[in-house]
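# Structural characterization, general
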Amino acid sequence: MNVVVACDSFKGCMKSDEVNRHVCNGIARWDDSIAVKSYVIGDGGEGTAAAFVDAAKGELVEVTASDAYGKKITTHYGVIDDGNTAIIEVANIIGLQMHPRERRAPYFGSSFGVGTVILHAIQRGCKKIIVGLGGSATNDGGMGMLQALGCRFYDAKHQYLSPQAVNLEKVRFIDFNRLQEVVKPDIELIAACDVKNHLLGPEGATFVFGKQKGFYPNQLRQIDAGMENFRDQIQRYLDIDIDAYEGGGAAGGIAAVLIGILHAKMVPGIDLLFSYCDIEQAIQECDFVITGEGQTDLQTKFGKVPLGILNIAKRYHKPVLCVSGGLGLGYEELYDLGFAGIFSIADRAMSFQQALDQAGEKMESAIYSLMRTIMIFKESL
């Protein structure tokens, strides 16, 4: 029997390679002679750089940058294709999971660190820059990233503005002159993300993702209005509407700037990763596939990792089991897409912290039980 294991990270709990390892351990507990091939997965969010480095046999490069609130950190990005391609993971620089919920302050968050890492990769000689856009703690419309790349922002009195969400509504003048040093014809920028939201409005960056970043419901309208002003000022200078792009709402608006101003191409992260590895061939040759994520719910069908895995498996009529940390509202609808089984590793009531601490153990036990069930049924037929 041959099994392919390709799980997303369980955000804030286990990285993709850790989840895969526990799945493999669970399989081996039942029968260690089963052939298993596992793939580190990242679709633009947490673990994306590591996934590309694993798939393309690259390396991680350390760099100093600023986190979402300006604190200096040591982070990393991936380098593949003999040093020509960089994979920059927003979640590893200004990530939401880097800050406990009670300390999140999105009014003062900035994407400046992302621009710093982009510059570092370009100066290192990378000609293709892939920016994974999931898991951002910021909602500054990419204002901070633009400043790191040379832009400056000023209010109605020509006073300098720091690049934070709180200042979006104050922007009246923008200096784009030094940005031309970054926008070069020999530099290819790719925004890796599966989000379809535009920048503004009820389905935009602020209203859809603002609450999880720490905004209160009564603050969302003000922040969205500030983002609209930011869009208007950019349009006045460049004749570009950064709200026009599908996916522009990703990472608090960083995607809108990457696509509209820096001419990045938006590509689904999971598709991009699969182009660097042999997962499709492995699925074609396997008996079944195990995938999973932190929580599987109705949102999974809008382009998350398990759906990407399922779409490949369906081409070759291979069954897919989705084994996740938890199951949320609407997960039953995913059966209509073709999943053979959708399971949670939670086996009893417990606190959230207990669930995090015991996730690896629970995954191994769940996989052991599933393998036992599958094999007994297989042998009885």
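This text goes with the structure placed above it.
One structure accompanies this document, and this report is about it. Values in this document were obtained by computation on a predicted structure and should not be read as measured data.

### Examining the overall build of the protein
For the protein, the count of helices and strands is 12 helices and 15 strands. Against the globule reference of 21 Å for 381 residues, the protein gives a C-alpha radius of gyration of 21 Å, in line with a compact fold. Expressed along its principal axes, the backbone C-alpha trace of the protein runs to roughly 80 × 45 × 35 Å. Here the protein, with 381 residues, has 53% of them falling under the buried criterion. Within the structure as shown, the protein displays about 16,800 Å² of accessible surface, and the carbon and sulfur contribution to it stands at 49%. With 36 positive and 46 negative side-chain charges, the protein shows a separation of 4 Å between the mean positions of the two kinds.

### Comments concerning the environment of Ala156
Structurally, Ala156 can be placed in the loop between strand S7 (152–154) and strand S8 (173–175). Overall, the relative accessible area of 56% leaves Ala156 in the exposed class. In this structure the C-alpha to C-alpha distance between Ala156 and Phe173, which are 17 residues apart in sequence, comes to 7.2 Å. The contact partners of Ala156, leaving out residues within four places of it in the chain, are Lys170, Arg172 and Phe173.

### With respect to the nonpolar core
Core analysis: the largest hydrophobic core is formed by 57 residues, its most contacted members being Ile129 and Leu133. Ignoring sequence-local partners within four residues, the contact set of Leu133 consists of Gly44, Val90, Ala191, Ala192, Cys193, Ala250, Ala251, Ile254, Ala255 and Leu258. One finds Ile279, Leu307, Cys322 and Leu334 within the second-largest nonpolar core, a separate group that totals 35 residues.

### What about the packing of helix H5 (residues 205–213) against helix H6 (residues 220–238)?
Two elements in contact, H5 and H6, have axes whose closest approach is 9 Å; the angle formed by their N-to-C orientations is 130 degrees. Considered as vectors, H5 and H6 are oriented oblique to each other. Note on packing geometry: the crossing formed by H5 with H6 is right-handed. Each of Thr206, Phe207, Gly210 and Lys211 in H5 lies in contact with H6, whose residues at this interface are Leu220, Arg221, Ile223, Asp224 and Met227. Class assignment of the residues belonging to the contact of H5 with H6 gives a composition of 4 nonpolar, 2 polar and 3 charged.

### A word on the sheet that holds strand S13 (residues 320–324)
Taken together, 5 strands build an open sheet; the order of strands is S2-S1-S11-S13-S15 and the sheet is parallel. Because the sheet does not close on itself, it has two edges, and the strands there are strand S2 (35–38) and strand S15 (341–344). The average angle at which neighbouring strand axes cross in this sheet is 20 degrees, direction not considered. Docked against the sheet, helix H1 (residues 16–30) engages strand S1 (2–7), S2 and strand S11 (288–292), running at close to 150 degrees with respect to S1. Lying on the sheet, helix H12 (residues 359–380) is in contact with S11, S13 and S15; it crosses S13 at an angle near 155 degrees.

Thresholds, definitions, all that
- Residues numbered from 1 in each chain as written.
- Predicted model: local features only at pLDDT ≥ 70, side-chain atom pairs only at ≥ 80, totals over all residues.
- Heavy atoms only, no water.
- Helix = DSSP H or I, 4+ residues; strand = E, 2+ residues; numbered from the N terminus.
- Rg over C-alpha atoms; globule rule 2.2 N^0.38 Å.
- Buried < 20%, exposed > 50% of the residue type's maximum accessible area, 1.4 Å probe, protein only.
- Areas by Shrake-Rupley, 256 points an atom, 1.4 Å probe, with all protein chains shown as cover.
- Lys, Arg positive; Asp, Glu negative; His and termini not counted.
- Charge placed at Lys NZ, Arg CZ, Asp CG, Glu CD.
- Contact = heavy atoms within 4.5 Å.
- Core = buried A, V, L, I, M, F, W, Y, C linked by side-chain atoms within 4.5 Å.
- Axes fitted to C-alpha atoms, helices over the stretch in contact; angles between N-to-C directions.
- Parallel < 35°, antiparallel > 145°, perpendicular 65-115°, else oblique.
- Left-handed = near helix turned anticlockwise from the far one by under 90°.
- Nonpolar A, V, L, I, M, F, W, Y, C, P; charged D, E, K, R; others polar.
- Pairing = 2+ DSSP bridges.

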